[in-house]
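Listed below are the residues making up each chain.
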Amino acid sequence: VWNAHTGKELRQLRGPERACHAAAFSADGKTLAVGGEIDGGLGVSVWDAVTWQELRALRVPGRWWTFRVGFSPDGKFAGAAHWSDAGTDGGVRRW
């Protein structure tokens, strides 16, 4: 995570077998969703952007790559858009 104005690195979020393909902050800036690889599978990690603690790891069944993540305007829901590594169309999930 970097400061967009200064380019200074603020935080590295790490875990076993993690890779980021997409990321988004909630409107209030208190929550961060990161889509990518999670412990050998695929899904979305949700982080507390104040304490930098991982709140939950949301696994996606199968081999669907997350390429977009976002939040509802009130921050109550997270969503992710996926596509298949087989080249087939993906879908959207809401948590």
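In what follows, the structure referred to is the one given above.
Please read these numbers as outputs of a predicted model, since none were measured by experiment.

## Some words on the overall build of the protein chain
Move 1: Counting its regular elements, the protein chain contains zero helices and seven strands.
Move 2: Going from N to C terminus, the protein chain has its helices and strands arranged as β-β-β-β-β-β-β.
Move 3: Per-residue burial for the protein chain yields a buried fraction of 33% across its 95 residues.
Move 4: In the protein chain, the proportion of contacts linking residues at least 24 apart, taken out of those at least 6 apart, comes to 24%.
Move 5: When the accessible surface of the protein chain is split by element, carbon and sulfur atoms take 51% of a total near 6,200 Å².

## Details of the sheet that holds strand S3 (residues 41–48)
Move 1: Reading across the sheet, the four strands line up as S1-S2-S3-S4 and stay open at both edges, with antiparallel pairing between neighbours. Each edge of the open sheet carries a strand with a single partner, namely strand S1 (19–25) and strand S4 (54–60). Averaged over all pairs of adjacent strands, the angle between their axes in this sheet comes to 20 degrees, without regard to strand direction.

## Digging into the side chain of Ser45
Move 1: Mapped onto the elements of the fold, Ser45 is located in strand S3.
Move 2: A polar contact is formed between the side chain of Ser45 and the side chain of Glu54, at a distance of 3.1 Å.

## Focus: the nonpolar core
Move 1: If you look at the biggest cluster of nonpolar residues, it comprises 10 residues: Ala22, Ala24, Ala33, Val44, Val46, Leu58, Val69, Phe71, Ala78 and Ala80.
Move 2: When residues no more than four places from it in sequence are discounted, the contact partners of Ala33 are Ala22, Ala23, Ala24, Val44, Ser45, Val69 and Phe71.
Move 3: Leu32, Val34, Trp47 and Ala49 belong to the second-largest nonpolar core, a separate cluster that totals five residues.

## Considerations on the environment of Leu55
Move 1: Looking at the secondary structure, you find Leu55 in strand S4.
Move 2: Residue classification places Leu55 among the exposed positions, given a relative accessible area of 52%.
Move 3: Along the sequence, Leu55 and Leu32 sit 23 residues apart, while their C-alpha atoms lie 9.7 Å from each other.
Move 4: Beyond its immediate chain neighbours, meaning those up to four positions away, Leu55 contacts Val46, Trp47 and Asp48.

Analysis parameters
- Residues numbered from 1 in each chain as written.
- Predicted model: local features only at pLDDT ≥ 70, side-chain atom pairs only at ≥ 80, totals over all residues.
- Heavy atoms only, no water.
- Helix = DSSP H or I, 4+ residues; strand = E, 2+ residues; numbered from the N terminus.
- Buried < 20%, exposed > 50% of the residue type's maximum accessible area, 1.4 Å probe, protein only.
- Contact = heavy atoms within 4.5 Å.
- Areas by Shrake-Rupley, 256 points an atom, 1.4 Å probe, with all protein chains shown as cover.
- Pairing = 2+ DSSP bridges.
- Axes fitted to C-alpha atoms, helices over the stretch in contact; angles between N-to-C directions.
- Polar contact = N/O pair within 3.5 Å; in protein donor to acceptor, adjacent residues only side chain to side chain.
- Core = buried A, V, L, I, M, F, W, Y, C linked by side-chain atoms within 4.5 Å.

Function-wise, these values are silent; they only describe arrangement.
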